[in-house]
Each structure stands twice: as C-alpha cells, then as structure tokens.
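The primary structure of each chain is shown beneath.
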Amino acid sequence: MRFGACAVAAVVVAAIGFAVQTAVRPAEAAAADPYAFKNVQIEGGGFVPGIIFNQAQANLVYARTDIGGAYRLDPTTNRWIPLLDWVGQDNWGYNGVVSLATDSVDPNKVYAAVGMYTNSWDPNNGAVLRSSDKGATWQATALPFKLGGNMPGRGMGERLAIDPNKNSILYLGTPSGNGLWRSTDSGVTWAKVTSFPNPGNYVQDPNDANGYLTDNQGVVWVTFDKRTGSAGSTTQTIYVGVADKQNTVYRSTDGGTTWSRLAGQPTGYIAHKGVLDTTGGNLYIATSDTGGPYDGAKGEVWKYATATGTWTNISPVPSSSSDDYFGYSGLTVDRQHPNTIMVATQVSWWPDAIFWRSTDGGATWTRIWDWTSYPNRSFRYKMDITRSPWLNFGTNPQPPEVTPKLGWMNESLEIDPFNSNRFMYGTGATIYGSTDLTTWDTGGQITIKPMAPGLEETAVLDLISPPTGAPLVSALGDIGGFRHTNLDAVPSAMFTGPVFTSTTSLDYAELNPSVMVRAGNFTDSDRPGDSHAAFSTDGGANWFQGTEPGGINEGGTIAANADGSRFLWAPKNSAVVYSVGFGNSWTQASGIPQNAIVESDRVDPNTFYGYSGGTFYVSHNGGASFTAAATGLPSTAKFKAVAGATGEVWLAGDTGGLLRSTNGGTSFAKVAAVTAAQAVGFGKAAPGRTNPAVFIVGQVDAKKGVFRSDDAGATWLRINDDQHQYGNIGEAITGDPRIFGRVYLGTNGRGIIYGDRTGPLPSYSASPSASVSVSPSRSVSPSVSVSPSRSASSSPPPPAGGCSVAYSIAGQWGGAFQGGVKITNNSSTAVNGWSLKWTYANGQVVQQIWGGAYTQSGANVTVTNVDYTKTIAANGGTVEFGFIAGWNNTTNAKPTAFTLNGTACSVS
C-alpha cells in the first residue's frame, strides 16, 4: 500500500490480503436475444436517504437509495440516470448505498460505499465502488466487513468523504465497531485508522431476535475543513461524527494522525449531520435521540465556532420544550449566502414534517408551516404533485393533516451550492424540491414539486398482464400498487377501496379478465373495519371489499378462478379460505396448510392449486377441499398455470430448477437446462407457435439472468445483458399476452422494468410442435430472405370474389410499435402466392417482419408471402403476418387502402 506523507506507520494495518482491488466482472453471456429495457413509470416509491451536490461543478447531483442503487441527475432532461443496474444476483447487496461522495477536485470521479445489511441477510461483505466517468463504469474494492445501506441509521452521513485539497485521500465511517477507514490511493486500497478512538456504541435494540436492530451504528459522517489545506496537500482539520450520545463529534488537526473528542460538545443525542460553513468558520450539527430513520422523539441543533471553540444551541425548538417531539437531521448551508441555513425534522409523522430556515446563522428561524388556531395552520409553501398525483396516497385526512404531506424520514435536505433558489430533499416516498426557495424570505409561498423523474425505487411483489384492458397491474411494497394504462406515464392514483400499504398478491380471471382480486397489508389498528382482500370488476380501475374471517392481519396470496366466480385466499398465518362471489362470506378449505401459495387453473373454473413445503395440492371442487398431489418438490418455490392449457403448471424452485406439469400437478418433469429459477411467467407465443413464451429469472447452463423460451423449455435465450442485471430480482416476472417478446420484470428497489425485443424475429415452421428444438445458437437474421427486386407482377391475380384486410396495432411504445395484418380470401378459388401493398400517412417505417417478407420505398410498403404463408385457401381462408415498425410517437394512423396482387381489398 502507498500512503501520503501525512500518514504514519501506526495507521497502516497489516491487512493487505483483504484490501485488494477487484474489477467488477460482467456476468457470463448466454445465447442471447437483444432487448431494450426501460422502467414502467412510477417515479419514486422508496426512501432517498442522501442527495449529494458536487461543490465545484454546477448541476452535478447524485442521489443514493437504501435498496435501489445510486443515480446521477441529467441536467439537460432533469431525469435521474441509474448507475448500478450492472449489479447482479451474486452481489445484489451493492444496491444498498450507505454513502456516496463526488469529487470537487476532479468532478468526473465519484465513489459509493455499498452493502445492504450488516447481519446475515446479505451474504457478502461491503465494498467501495469508484468511477472516473461519473458512474458510467465502476471498479470495486471489497472490504473485510459488511455495510448496511438498508440498516437502521442509514440516513446519517455522509460516511464517505473526499479530501477537498488532496483528492487521493478518502475516509469512510463504518458500522459494527469497525471504526474509521482511510484510502490514500483514490479508493483502490483501504486501511483502518487505528488512532481513531471511538467506533460508536449506539444500538437501537440489542435484544432484537432477527439481528436487524442489534448492530452498532458506528462512525456516521466525515467533514473536512478545506481552509486547513491547499491544493495538492492534505487537509489538516477533519471532523467526524459518531453514534455515541456522550461523545458524538471528534476532530483531527494534523491530517488524521491523531484525534480527540471535540471539547464542550453537547451530549445526550447523536449528531446525524455535520455541515461546515467554510466562509464563516461554523460547524453545524443536527442531532436526534435515535439513529433513525423511522423514529426519533427529541433532538437539538448546535453551532460550533471553529475560531473560538464556542458551542451555541440554535435549536428552532429546544429539546427542553414540550413542543419538541422530534429529532433533527436534514441540514444544509446556502453556499451563496453562508448565514442561510435550513434544518428538517428527522421524523415528524403528525401532522407533517417541519422545515426551518434561518438567514442569520441560526439566531432566528421561520418554519415552513405554523399553527394558527388549532387545527388550522398557515403555510409558506404549496404542493404541486401534478407530475406524480399518486403521492396523495389515496387519503382524505382531517385537519390538521393535509394531503399530500411534505414527507417523512427527511434525512437529506440540500440547497444547490450554485443556486440559492433550488433545494431538494429526500423522503420515504420520493424526492421533493423547489426552484423558488428564496420566496420564503420575502413572505411568499414556495412551490414544492416531485423531483424524481427517472428514479424508480419500488419493491415489486407481484405483476399481472391480462389479455384485455390495461397492459399491466402491479402489486408493490409500501405504496400499494397501480393499474398501468400507459407504461410510459406516471399513474394517476394507487389502489384505493381499500388502500393497502403493501399489496402482496394479484390475480385476474383468465376467461373474464375484467374480474381481478388483490390481497395486502396495512396497520389493522388504523382501519379495523377494512379487509385485507379487494375485488374489481372493471380490470382494476375501481375496487371494493367484502368481508374477511377473523384474525387476519396480512394479505398472503390470493387467486381468482378461471371465470371469476370464485376466489381462493391464503392469508398469512391463517387458514386457507374460499368465497363464492366477491367475499361476502368465506369458508375454510380443507386439506391445505396455512401459508400455502395458491393459484388457479387458467381454463377449468373448478380447479385451484396450492404449494407448501415441497408438496403440491390440487382442488377440483372450487377450493372446498384439496388433496396432495406431487411431493418431493423444492422446499421453496413459486408457480403459475398456463392460459389455454388445462392442468399445465410450471414451478420455479430456487434450488430445484424449473419443473413442468401437464397433468395438473400429479407429477412434474424437470426442465433440463435450468439449474435454478426464482420466478416464472408466460407471454404471447412466438410467431408460428402455439405454446406461450416462457420467461424466468434463473440460471441456465450455469449462467444467471433473465431468460425466454419459445419452445416450451427445450431451449433458452438470455434476454438481459451485463449492464441490465438489476441486482435483487425474482419476486415477480410475466410476459405480455398481447405482444410477443415483451417481459415485465419486478425488482426489489429498482421498480418495474419492461423489455421489448430489438432484433429480428425467429423463424418457425408453419405447424410447430412443442417438442421441436430450436438451437440456442440460432441465427437472429430475418426469417426468410426475399429479394427486394422481386416483381409483384409475378404473383397470380386474385380470383373473382375479392379479398379483405384487417390491420391491427398490438402495442406501441417509444419509437416503435407492433402491428399485425390478416388477409381473408373471400372467393371460391385459392390464392397461391401473394403480394400485399399499402401506403403509410405518418412516416411509419417497417423494421422487421414475420410471416412475410417486405420492401418499403418511402411511404409505400410491399409484403410478399414466405413459404408457409404462400397459400390462402378459398371461401374465407386467411393468412396472417406481424411486424415491428418505427413511428413518430405522435400519430400512428392505420392505412386505409390495400391491394392484393394488384386488386383492391375491402378493409375490415
């Protein structure tokens, strides 16, 4: 290891073996079908504990999330760009970002300290990631301990900091008693600062049985005093925050060689933040009685004059006041006007968060809202959630509460260092902010809006894509779920009637898709009259609830039978029950254990399936009673039944691979190439095939990823790539029954991803068999090559009696759409070879085709038959072909005229 001149030998621990640089290695590639991936738009949906502005380059802003990775703001579009989508299943914990630092000396450099949990839930140690291109690519250094991006105390910080004078030096505050660490080679290697005296001692709950609350929250922030160094030389004065209520601030004045407790500091609270005003020489700290982010009942704000060593309590509401029922956390200084500071409540659930603003260094404060006559309040802000209307959470609260709320878990509050009018703050649901902040100081109302475009942080628990209606309906943790009528637009409202905090399960009736059912969780004491199951008869647009058996506290899994006349429900830790109709009454099912996973056969309304502990259960009497069928299956698994195929069930077992039953669960056969599978789903069949496309999150031929099979599992194609792995995936996946190749992928923290094929379509025979093997190395060249110079006049004319054409649009998305054409021969003579022509009016351009071959000149399109579509039988015989085409995202009018072999057809 190499160290700067100010490092002393005693600081260097003998740990070269574990402080080893490791490059991030991409996952091994499988036979692939290229895809384009993007998010289903929700915007936000989770906790943003850190927003970090670069102090040297304007408009360079990063955000870190607790489970969804890190983002950089694109200043031209004001959209957040995800930076860690390359994180795979083997190192999924890297999506827990405990701290992030952007380099003010070289703004191209950015660092992230990553790791999800410090207990056994994350099998891997933490790491420090480093990038020299603003997060486009990364390298990693593994650490000899765990980090906790989703642990208690994750909003404190930033734990990771770069020396503003000598940017090769970085410090990292760590949890679990591991103390303070340092790198002197730009994050390549790290060593413990052995002279730092206090690793912290605050533990939220030492008796927590699952180990989540038992960790020492450790060293929580590092702040440099840039004035005590010069360009290229080590900064001498460094302040460090520690989770220790009696000793929460330490300082070094010799470049990190020695450290001491800062004299005169306040006690009784933990300093969540330490922000230094280098103009006035004041260190501000915001403190709370807990590490947060969910709790905190008391706290203070203090100002330390570095020149005199004087501490001043500047709390807007002092802890001695009965009006202080909160701790403080979010803290920021206006770098353009350093006497202007803001601070936020760590958590003030009721009636809302509170922000304070001072323009005189904390001597006096104004607050973002004030009490008038209870329950009324006056406001220095107005909320505009037009961009994300679901942020009202479907509530209609009584005063003094309002909707939408300012937020909660406000650990990050930042004024743009280059623009005093812009500030952002993180909440448990999104990023909010304003671009007219100084209006506050002149007595006006600032406008607060969501600022989360591109940042997708939902945890996805279930997904359905019905054959009619909205293309997607989602079940989400923390924000319930949505009916997505437009994948590229933020939905207007989350599920209501009732509102679930988390929706745990979704289903629709395969033969009557307007009928849907969902199950979910909420705090029962808040709404003791509500049910944990809800129903819809209009495809999820509106919901209603029935009754529920006593003792139910969580949603579990739920299923609708094939025609929507019955429902089967397995609430968590309660007996499995069924209802004839929409939950007016429930009857206990027999023969199936509690906490089973339940699904329905997609054809037979009387058949339900269940799964628990390696045994498959079947009911043929509408869920009244079950019998055990196949046994010896994987101990944990998810399963789904296939539409249009009675008794066909696919089961994804993480350790047992992928299994398929064609006899209603009596027996299962293993799909040979799949060695592990976390989830399975189905989509529209490939052109020329009748079996559905099968999608899995799993491992095929020792390669992990997302895969599709078009031939009932005989062969597989990897459809994601090394830059789109999304870390912790596998809770939910489904195809789209209307668009071949489209997949919806649920992630734990990166929202809902949908993907569409971008390559040429595969070729299949006219009468495919489910047993036909398609080689994994098959060419992705167009299905049939027809010379563009082929003359249309070579086709025979259509017989007397005419033809008709039906042109349809199966779906459209940014830049492309999928179309289909059906030609009907209405004559008494077969057509043997054909050429169909039409003209586009809006600049559409065909890009790929199946079931035919095409040429296009300007707006004029000509499609000719391929071998298996050559003949159109007489007296109503038909052929069909499909295609992908580009469009202008504005107008996509259907052609109004077609000619078949030179003769006009009617248009249907």
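Structural notes, computed from the coordinates. Computed from a predicted model, the values in this text were never measured in an experiment.

### Focus: the overall build of the protein chain
Logical step 1: For the protein chain, the count of helices and strands is zero helices and 69 strands.
Logical step 2: Since a compact globule built from 908 residues should have a radius of gyration of about 29 Å, the 31 Å found for the protein chain is in line with a globular shape.
Logical step 3: When its C-alpha atoms are laid out on the principal axes, the protein chain stretches across 100 × 65 × 60 Å.
Logical step 4: Residues counted as buried form 60% of the 908 residues belonging to the protein chain.
Logical step 5: Restricting to contacts in the protein chain with at least 6 residues of sequence separation, those with at least 24 account for 56%.
Logical step 6: Here the protein chain contributes 59 positively and 66 negatively charged side chains, and the mean placements of these two sets differ by 5 Å.

### A closer look at the pattern of salt bridges
Logical step 1: For the structure on display, the rule yields 24 salt bridges.
Logical step 2: One salt bridge connects Asp488 with Lys38, and the closest N-O pair in it is separated by 3.4 Å. With Asp488 in the loop between strand S36 (480-484) and strand S37 (502-509) and Lys38 in strand S2 (residues 35-39), this residue pair connects regions lying 450 residues apart in the sequence.
Logical step 3: Residue classification places Asp488 among the partly exposed residues on the basis of a relative accessible area of 34%.
Logical step 4: Take Lys38: its relative accessible area is 33%, and that puts it in the partly exposed class.
Logical step 5: Across the pair Arg602 and Asp507 runs a salt bridge, and its minimum N-O distance is 3.2 Å. In this pair, Arg602 is assigned in the loop between strand S44 (597-600) and strand S45 (608-612) and Asp507 in strand S37, connecting sequence segments 95 residues apart.
Logical step 6: Taking relative accessible area as the criterion, Arg602 reaches 6% and is therefore assigned buried.
Logical step 7: By relative accessible area, which is 4% here, Asp507 ends up buried.
Logical step 8: Three or more residues joined by partner-sharing salt bridges are found here, namely Asp33, Arg708, Asp710 and Arg757.

### Things to note about the sheet that holds strand S17 (residues 249-252)
Strands belonging to one sheet form pairs held by backbone hydrogen bonds; the direction of such a pair is parallel or antiparallel.
Logical step 1: Strand order in the open sheet formed by four strands is S15-S16-S17-S18, and the pairing between neighbours is antiparallel. In this open sheet, the two edge strands, each paired with only one partner strand, are strand S15 (219-224) and strand S18 (260-261).
Logical step 2: Of the strand pairs in this sheet, S17 and S18 are connected by two bridges, and their pairing is antiparallel. Across the sheet, residue Tyr250 finds its bridge partner in S18, namely Arg261.

### A look at the packing of aromatic side chains
When we look at a pair of aromatic rings, we describe it by the centre distance and by the angle of the planes.
Logical step 1: In the structure shown here, the tally under the stated rule is 52 aromatic pairs.
Logical step 2: With a centroid separation of 6.4 Å and an interplanar angle of 70 degrees, the aromatic rings of Phe37 and Tyr726 are classed as edge-to-face. Taken together, the residues span a long stretch of sequence, with Phe37 in strand S2 and Tyr726 in the loop between strand S55 (717-718) and strand S56 (729-735) at a distance of 689 residues. For the residue pair Phe37 and Tyr726, the accessibility class agrees, reading buried in each case.
Logical step 3: Residues Tyr117 and Tyr212 carry aromatic rings whose centres are separated by 6.4 Å and whose planes lie at 65 degrees to one another, so their mutual orientation is edge-to-face. Of this pair, Tyr117 sits in the loop between strand S8 (110-114) and strand S9 (127-131) while Tyr212 sits in the loop between strand S14 (191-192) and S15; the two residues are 95 residues apart in sequence, bridging distant segments of the chain.
Logical step 4: Residue class for Tyr117 comes out buried when judged on its relative accessible area of 13%.
Logical step 5: An aromatic cluster is built from Tyr807, Phe817, Trp834, Trp838, Tyr840, Phe881, Phe883 and Phe898, whose rings are joined through pairwise contacts.

### Quick look at empty space enclosed by the protein
Logical step 1: Summed over all chains, the structure comprises seven cavities of 30 Å³ or more.
Logical step 2: Taken as a whole, the largest cavity spans an internal volume of roughly 110 Å³.
Logical step 3: Around the largest cavity, the lining comprises 16 residues; the ones closest to its centre are Met151, Pro152, Arg159, Pro175 and Asp215.
Logical step 4: Here the lining of the largest cavity is built from residues that sort into seven nonpolar, six polar and three charged.

### A few points about the side chain of Thr824
Logical step 1: You can see Thr824 is positioned in strand S60 (residues 816-825).
Logical step 2: Judged by its relative accessible area of 15%, Thr824 is buried.
Logical step 3: Residues contacting Thr824, with those up to four places away along its chain left out, are Gly802, Cys803, Ser804, Gly876, Gly877 and Thr878.

### Looking at the nonpolar core
Logical step 1: Formed by 56 residues in total, the largest nonpolar core has its most connected members in Ile368 and Trp390.
Logical step 2: With four residues, the single largest contributor to this core is strand S24 (residues 341-345).
Logical step 3: Apart from residues no more than four positions distant in its own chain, Trp390 is found in contact with Ile42, Glu43, Gly45, Ala429, Ile479, Phe482, Val490, Pro491, Ser492, Ala493 and Met494.
Logical step 4: Counting residues in each nonpolar core, the second largest holds 24 residues, with Cys803, Leu836, Val863 and Phe881 among its members.

### Observations concerning the sheet that holds strand S57 (residues 743-747)
Logical step 1: In space, the four strands of this open sheet follow the order S2-S58-S57-S56, with antiparallel pairing throughout. Across the chains shown, the open sheet's two edge strands, defined by having one partner strand only, are S2 and S56. Between one strand axis and the next, the sheet turns through 25 degrees on average, direction left out of account.
Logical step 2: With five bridges connecting them, S2 and strand S58 (residues 752-757) associate as antiparallel partners. Across the sheet, Asn39 pairs through a bridge with Ile753, a residue of S58.

### A short note on the state of the cysteines
Covalent bonding between the sulfur atoms of two cysteines defines a disulfide.
Logical step 1: Summed over all chains, the structure comprises one disulfide.
Logical step 2: With a sulfur-sulfur separation of 1.9 Å, Cys803 is cross-linked through a disulfide to Cys905. Across the disulfide from Cys803 to Cys905, rotation about the S-S bond amounts to roughly -85 degrees, and the bridge is consequently left-handed. Placement of the pair is Cys803 in strand S59 (residues 803-813) and Cys905 in strand S69 (residues 903-907), with a sequence separation of 102 residues.
Logical step 3: Judged by relative accessible area, which is 7%, Cys803 ranks as buried.
Logical step 4: Classification of Cys905 as buried rests on a relative accessible area of 10%.

### What about the environment of Ala489?
Logical step 1: On the secondary structure map, Ala489 appears in the loop between S36 and S37.
Logical step 2: Here Ala489 falls in the partly exposed class, since its relative accessible area comes to 30%.
Logical step 3: For the pair Ala489 and Ser388, spaced 101 residues apart in the sequence, the C-alpha separation amounts to 9.5 Å.

### Details of unusual backbone geometry
Logical step 1: Following Trp350, the chain continues to Pro351 via a peptide bond in cis, the omega torsion being -10 degrees.
Logical step 2: Mapped onto the secondary structure, Pro351 falls in the loop between S24 and strand S25 (355-358).
Logical step 3: With an omega of 5 degrees, the peptide bond running from Gly497 to Pro498 counts as cis.
Logical step 4: When you line up the elements, Pro498 lands in the loop between S36 and S37.
Logical step 5: Despite not being glycine, Met409 shows a phi value in the positive range, around 55 degrees.
Logical step 6: Here Met409 is to be found in the loop between strand S29 (381-383) and strand S30 (413-415).
Logical step 7: Relative accessible area serves as the criterion here: at 5%, Met409 is assigned to the buried category.
Logical step 8: Although it is not a glycine, Asn889 sits at a positive phi angle of roughly 65 degrees.
Logical step 9: Position of Asn889 among the secondary structure elements: in the loop between strand S67 (877-886) and strand S68 (898-900).

### Thoughts on a nonpolar patch on the surface
Logical step 1: A surface patch of nonpolar side chains, about 610 Å² in accessible area, is lined by Tyr294, Trp349, Trp350, Trp371 and Tyr374.
Logical step 2: Position of Tyr294 among the secondary structure elements: in the loop between strand S20 (282-288) and strand S21 (301-305).
Logical step 3: Judged by relative accessible area, Tyr294 falls into the partly exposed class, the value being 44%.

Scoring rules and cut-offs
Residues numbered from 1 in each chain as written. Predicted model: local features only at pLDDT ≥ 70, side-chain atom pairs only at ≥ 80, totals over all residues. Heavy atoms only, no water. Helix = DSSP H or I, 4+ residues; strand = E, 2+ residues; numbered from the N terminus. Rg over C-alpha atoms; globule rule 2.2 N^0.38 Å. Buried < 20%, exposed > 50% of the residue type's maximum accessible area, 1.4 Å probe, protein only. Contact = heavy atoms within 4.5 Å. Lys, Arg positive; Asp, Glu negative; His and termini not counted. Charge placed at Lys NZ, Arg CZ, Asp CG, Glu CD. Salt bridge = Lys/Arg side-chain N within 4 Å of Asp/Glu carboxyl O. Pairing = 2+ DSSP bridges. Phe/Tyr/Trp six-rings, centres within 6.5 Å; stacked < 30°, edge-to-face > 60°. 1 Å grid on protein atoms, 1.4 Å probe; cavity = no way out; pocket = protein on both sides within 12 Å on 5 of 7 lines; lining within 4 Å. Points joined across faces, edges and corners; volume = space filled by probe spheres on them. Nonpolar A, V, L, I, M, F, W, Y, C, P; charged D, E, K, R; others polar. Core = buried A, V, L, I, M, F, W, Y, C linked by side-chain atoms within 4.5 Å. Axes fitted to C-alpha atoms, helices over the stretch in contact; angles between N-to-C directions. Disulfide = S-S within 2.5 Å. Patch = residues over 30% accessible without salt bridge, like charges linked within 9 Å, V, L, I, M, F, W, Y side chains within 5 Å. Areas by Shrake-Rupley, 256 points an atom, 1.4 Å probe, with all protein chains shown as cover.

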